[in-house]
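The chain contents come next:
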Amino acid sequence: MFFATTRPATLRRAAYVPAMHALDRLLDQALPSPSEGTKACRTEVTSDDAVWTLSLDVPGVNKAQLNIQIEGQVVRIETLADAPRQYRHGFELPQDIDASTSVAKLENGVLTLTLAKKQPVDTSTRLTIN
């Protein structure tokens, strides 16, 4: 289950499956799955014009035991099987994430993700009138 001390209206918890339909997303938000095996952890989210900052408490886990994946506007965080504690969280942000300039840092049991907002590229073409 997702807990946030600061939760902007633009952040949604994403289910931890690659292909998610609207009904699945609704059910995931309404009914937490007991089979996920995740522990609740404190999560803080802040945002500015350039980045989102996610901070999650993941005590007892080192950086080698964490797996972070970014796909479009979804970020998934999970511990590997050999970790002493199991965490699995997914977040869907309102805008694509620029993974090449995003940064993850683990310090004193707190994972901090600085996720850069991908700036939309203008692909419009001016059409000449004949």
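What counts as what
Residues numbered from 1 in each chain as written. Predicted model: local features only at pLDDT ≥ 70, side-chain atom pairs only at ≥ 80, totals over all residues. Heavy atoms only, no water. Helix = DSSP H or I, 4+ residues; strand = E, 2+ residues; numbered from the N terminus. Buried < 20%, exposed > 50% of the residue type's maximum accessible area, 1.4 Å probe, protein only. Contact = heavy atoms within 4.5 Å. Areas by Shrake-Rupley, 256 points an atom, 1.4 Å probe, with all protein chains shown as cover. Polar contact = N/O pair within 3.5 Å; in protein donor to acceptor, adjacent residues only side chain to side chain. Salt bridge = Lys/Arg side-chain N within 4 Å of Asp/Glu carboxyl O. Core = buried A, V, L, I, M, F, W, Y, C linked by side-chain atoms within 4.5 Å. pLDDT = per-residue confidence, 0-100. Pairing = 2+ DSSP bridges. Axes fitted to C-alpha atoms, helices over the stretch in contact; angles between N-to-C directions. Phe/Tyr/Trp six-rings, centres within 6.5 Å; stacked < 30°, edge-to-face > 60°. Lys NZ or Arg CZ within 6 Å of the ring centre and 35° of its normal.

Right, let's get into the overall build of the chain. Scanning the chain from N- to C-terminus turns up 1 helix and 8 strands. When the helices and strands of the chain are listed from N to C terminus, the series reads β-α-β-β-β-β-β-β-β. With 130 residues in all, the chain has 32% of them scored as buried. Sequence separation of at least 24 residues holds for 56% of the intrachain contacts in the chain that already meet a minimum separation of 6. Accessible area of the chain: about 8300 Å², with a carbon and sulfur share of 53%.

Below, the discussion takes up the side chain of T79. By the secondary structure assignment, T79 is in strand β5 (residues 74-79). Within the structure, the side chain of T79 is placed 3.3 Å from the backbone oxygen of R85, a separation counted as a polar contact.

All right, on to the pattern of salt bridges then. Counted under the stated rule, the structure contains 4 salt bridges. A salt bridge links D57 to R42; its shortest N-O distance comes to 3.0 Å. With D57 in strand β3 (residues 51-57) and R42 in the loop between α1 (22-30) and β2 (43-47), this residue pair connects regions lying 15 residues apart in the sequence. When the shortest N-O distance is used, the salt bridge between R88 and E78 registers 3.3 Å. Of the two residues, R88 sits in strand β6 (residues 88-92) while E78 sits in strand β5, which places them 10 residues apart along the sequence. The exposure class of E78 is buried, given its relative accessible area of 16%. Each of the salt bridges in this network shares a partner with another, and the network as a whole consists of R42, E44 and D57.

This next bit is on the nonpolar core. The biggest cluster of nonpolar side chains holds 17 residues, and the ones touching the most others in it are L54, V75, I77, L113 and L115. Elements with a minimum of two residues in this core: β3, β5 and β8 (110-117). Setting aside residues no more than four positions away along its own chain, L115 makes contact with A50, V51, W52, L54, I70, V75, L93, I97 and S102.

With that settled, consider the confidence of the model for the chain. Should the pLDDT be low somewhere, the predicted coordinates at that spot are not to be read in detail. When pLDDT is averaged along the chain, the result is 78; 69% of the residues meet or exceed 70. Per-residue pLDDT stays below 50 along residues 1-9; that stretch engages in 23 contacts with residues further than four places along the chain or on separate chains. When the criterion is pLDDT under 50, residues 31-38 qualifies, and its contacts beyond four places in sequence or with other chains add up to 9 contacts.

With that out of the way, let us pick up the sheet that holds β8. Taken together, the 4 strands give an open sheet; going across it, the order is β2-β3-β8-β7, and neighbouring strands pair in antiparallel fashion. The two strands at the open ends of the sheet, each matched to only one other strand, are β2 and β7 (97-107). The mean angle between the axes of side-by-side strands here comes to 15 degrees, regardless of whether they run parallel or antiparallel. Examined bridge by bridge, β7 and β8 share 7 bridges and lie antiparallel to one another. If you follow I97 over to β8, its bridge partner there is K117.

Let us now look at the environment of P94. Relative to the assigned elements, P94 resides in the loop between β6 and β7. Sequence-wise, P94 and K117 are 23 residues apart; in three dimensions their C-alpha atoms are separated by 9.6 Å.

A word on the packing of aromatic side chains. Applying the stated criterion across every chain, the model contains 0 aromatic pairs. Across from the ring centre of W52, 4.9 Å away, lies the NZ or CZ of K117, which sits over that ring.

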